[in-house]
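Here is how the chains run, residue by residue.
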Amino acid sequence: MTLARNTLYRDDLLAGQRILITGGGSGLGKSIGQRYVELGADLVICGRRAEVLAQTAQEFQDLLGVRIETHVCDVRDAQAVHAMMDAIWAQGPLDVLLNNAAGNFLARTDQLSTRAFDAVVDIVLKGSAYCTMEAGRRWIAAGHKGTVMSILTQSALTGMPYTVPSAMAKAGALAMIRSLAVEWGPYGIRTVGVVPGPFPTEGAWKRLMPQERIGEAPIEHGVALRRVGEHHELADLCVYLISDSAAFITGEAVVIDGGRWLQGAAGASAYHMQQWPDSTWDSLHPKKDKA
Ligand code: HXC
Ligand code: NAP
């Protein structure tokens, strides 16, 4: 597992930056965390499963020779988030919070139990808010600048059937980014987001790409660039957005989806038209030889 390759970034770009990634033990959070560590950051990760956090910490130590800090914490539990932030600050203030932890699954909304709705909204909306408020109030009290970045989804922009709790919660997280950009901007706190398209991970694919979807058009057909994303592509955007190079960006969420949502907006026929042979286009042109 290595993300290193040709890069725009200096090896020590993030030296001195103390960064918490919620849900950083797996999937995209883990890949982004690895990139941050490669660039010199002091990384802290949290999640509910101690063994996942420990395994990631061990991998980073073996691969990069760096110790990272781990905290078992369910971000739905406001008291637990408060205690985690106290423990983190006891070792030194954070500079960056990355709200990455999420829950999602496919379900018909009319069949959802309230517990199912809460399970997703409490992680994505409330969990992000609890972490953000705990970091923000410490930064403001100490006059410390900081950046909050949240991982959103396309559904925050467009809505999405069968993942309504996630869509609602991510839209709320986007509202938080835009609201706090103004409220906390004068303190030097930036709030930004990224909107990833499909980046295969075990967690997302297990829940959102079940066997029943086999036989559907391949996911790549719905992406203008005709492929899914690679983790290093998202990780490098997440480096840029927390770096000094992005110091004047706040309240903004950057889409990184290979043109997926625009391909969807263009409608299903766009994909078919992209397969038309020249003869079809010629038949529509008034001056082309119809003989
Ligand atoms: C309907 C479901 C369900 C499902 C769970 N529930 N799965 N209802 N359909 N598929 C219901 C349960 O029956 C229960 O309600 C309630 O939800 C809580 O379930 P628990 O299993 O007790 O909850 P918990 O252990 O807290 O797990 C939370 C979770 C789970 C969200 C349900 O999936 C999880 O831990 N997810 C974390 C990782 C994750 O989701 N990663 C994917 C992120 S991808 P009742 O009423 O029965 O008690 C993403 C966007 C990707 O966000 C976009 C890709 C293009
Ligand atoms: P993932 O591997 O399942 O990541 C989710 C992480 O969140 C896990 O490490 C999980 O660890 C943690 N988590 C879940 N509930 C938590 C809670 N209550 N408290 C603390 N941590 C919790 O899935 P992923 O695909 O990498 O998703 C990462 C982020 O990217 C999410 O915000 C997701 O919405 C977003 N995203 C992903 C895609 C994609 O294509 N993969 C696309 C768009 C957006 P524990 O289970 O141990 O707690």
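These figures come from a predicted structure and were not determined experimentally.

Undergrad: So what exactly am I meant to see when it comes to the layout of surface pockets here?
TA: It is a probe the size of a water molecule, rolled over the atoms, that shows where empty space is left. Roughly 350 Å³ of volume is contained in the second largest pocket. What lines the second largest pocket is a set of 16 residues, among which Gln17, Thr147, Ile242, Ser243 and Asp244 lie closest to the centre. For the lining of the second largest pocket, the class distribution of residues is 6 nonpolar, 6 polar and 4 charged.

Undergrad: Hey, could you run me through the pattern of salt bridges in this one?
TA: Under the criterion given, the structure shown has 14 salt bridges. One salt bridge in this structure joins Arg35 and Asp236, with 2.7 Å as the shortest N-O distance. Of this pair, Arg35 sits in helix H1 (residues 27-38) while Asp236 sits in helix H8 (residues 231-242), placing them 201 residues apart in sequence. On the basis of relative accessible area, Asp236 is assigned to the buried category, the value being 13%. Across the salt bridge formed by Asp74 and Arg76, the nearest N and O atoms sit 3.0 Å from each other. Each of Asp86, Glu134, Arg137 and Arg138 takes part in a single network of salt bridges with overlapping partners.

Undergrad: Quick question: what am I supposed to make of the sheet that holds strand E1 (residues 18-22) here?
TA: Within a sheet, adjacent strands bond to each other through the backbone by hydrogen bonds, running parallel or antiparallel. Within the open sheet, the 7 strands sit side by side as E3-E2-E1-E4-E5-E6-E7. Their pairing is parallel. Both edges of this open sheet fall to strand E3 (69-72) and strand E7 (253-256), since each of them pairs with a single strand only. Taking the axes of each pair of neighbouring strands and ignoring which way they run, one obtains an average angle of 15° across the sheet.

Undergrad: How should I be thinking about the site of ligand 2 in this particular structure?
TA: Neighbouring ligand 2 are 27 residues, the closest being Ser26, Arg48, Arg49, Asn100 and Thr201. Here an oxygen atom of ligand 2 and a side-chain polar atom of Arg48 are 2.7 Å apart. Arg49 is positioned with one of its side-chain polar atoms (N or O) 2.7 Å from an oxygen atom of ligand 2. Relative to its unbound accessible area of 870 Å², ligand 2 is 90% covered by the protein chains. Looking at the shell around ligand 2, the elements that each hand over two or more residues are H1 and helix H7 (202-208).

Undergrad: Please clarify how the site of ligand 1 should be interpreted in this entry.
TA: Around ligand 1 sit 17 residues, and of these Arg48, Arg76, Ser113, Arg115 and Arg207 come closest. Within the side chain of Ser113, an N or O atom sits 2.6 Å from an oxygen atom of ligand 1. Note that an oxygen atom of ligand 1 is positioned 2.4 Å from one of the side-chain N or O atoms of Arg115. When ligand 1 sits alone it has 1100 Å² of accessible area, and the protein chains cover 62% of it. Every element with two or more residues in the shell around ligand 1 is listed here: helix H4 (114-142) and H7.

Undergrad: What's the story with the packing of aromatic side chains in this structure? I'm lost.
TA: Tallied over the entire structure, the rule returns 2 aromatic pairs. Note that Arg138 overlies the ring of Trp89, its terminal NZ or CZ placed 5.5 Å from the centroid.

What counts and how
- Residues numbered from 1 in each chain as written.
- Chains lettered and ligands numbered in written order.
- Predicted model: local features only at pLDDT ≥ 70, side-chain atom pairs only at ≥ 80, totals over all residues.
- Heavy atoms only, no water.
- 1 Å grid on protein atoms, 1.4 Å probe; cavity = no way out; pocket = protein on both sides within 12 Å on 5 of 7 lines; lining within 4 Å.
- Points joined across faces, edges and corners; volume = space filled by probe spheres on them.
- Nonpolar A, V, L, I, M, F, W, Y, C, P; charged D, E, K, R; others polar.
- Salt bridge = Lys/Arg side-chain N within 4 Å of Asp/Glu carboxyl O.
- Helix = DSSP H or I, 4+ residues; strand = E, 2+ residues; numbered from the N terminus.
- Buried < 20%, exposed > 50% of the residue type's maximum accessible area, 1.4 Å probe, protein only.
- Pairing = 2+ DSSP bridges.
- Axes fitted to C-alpha atoms, helices over the stretch in contact; angles between N-to-C directions.
- Near = heavy atom within 4 Å.
- Polar contact = N/O pair within 3.5 Å; in protein donor to acceptor, adjacent residues only side chain to side chain.
- Areas by Shrake-Rupley, 256 points an atom, 1.4 Å probe, with all protein chains shown as cover.
- Phe/Tyr/Trp six-rings, centres within 6.5 Å; stacked < 30°, edge-to-face > 60°.
- Lys NZ or Arg CZ within 6 Å of the ring centre and 35° of its normal.

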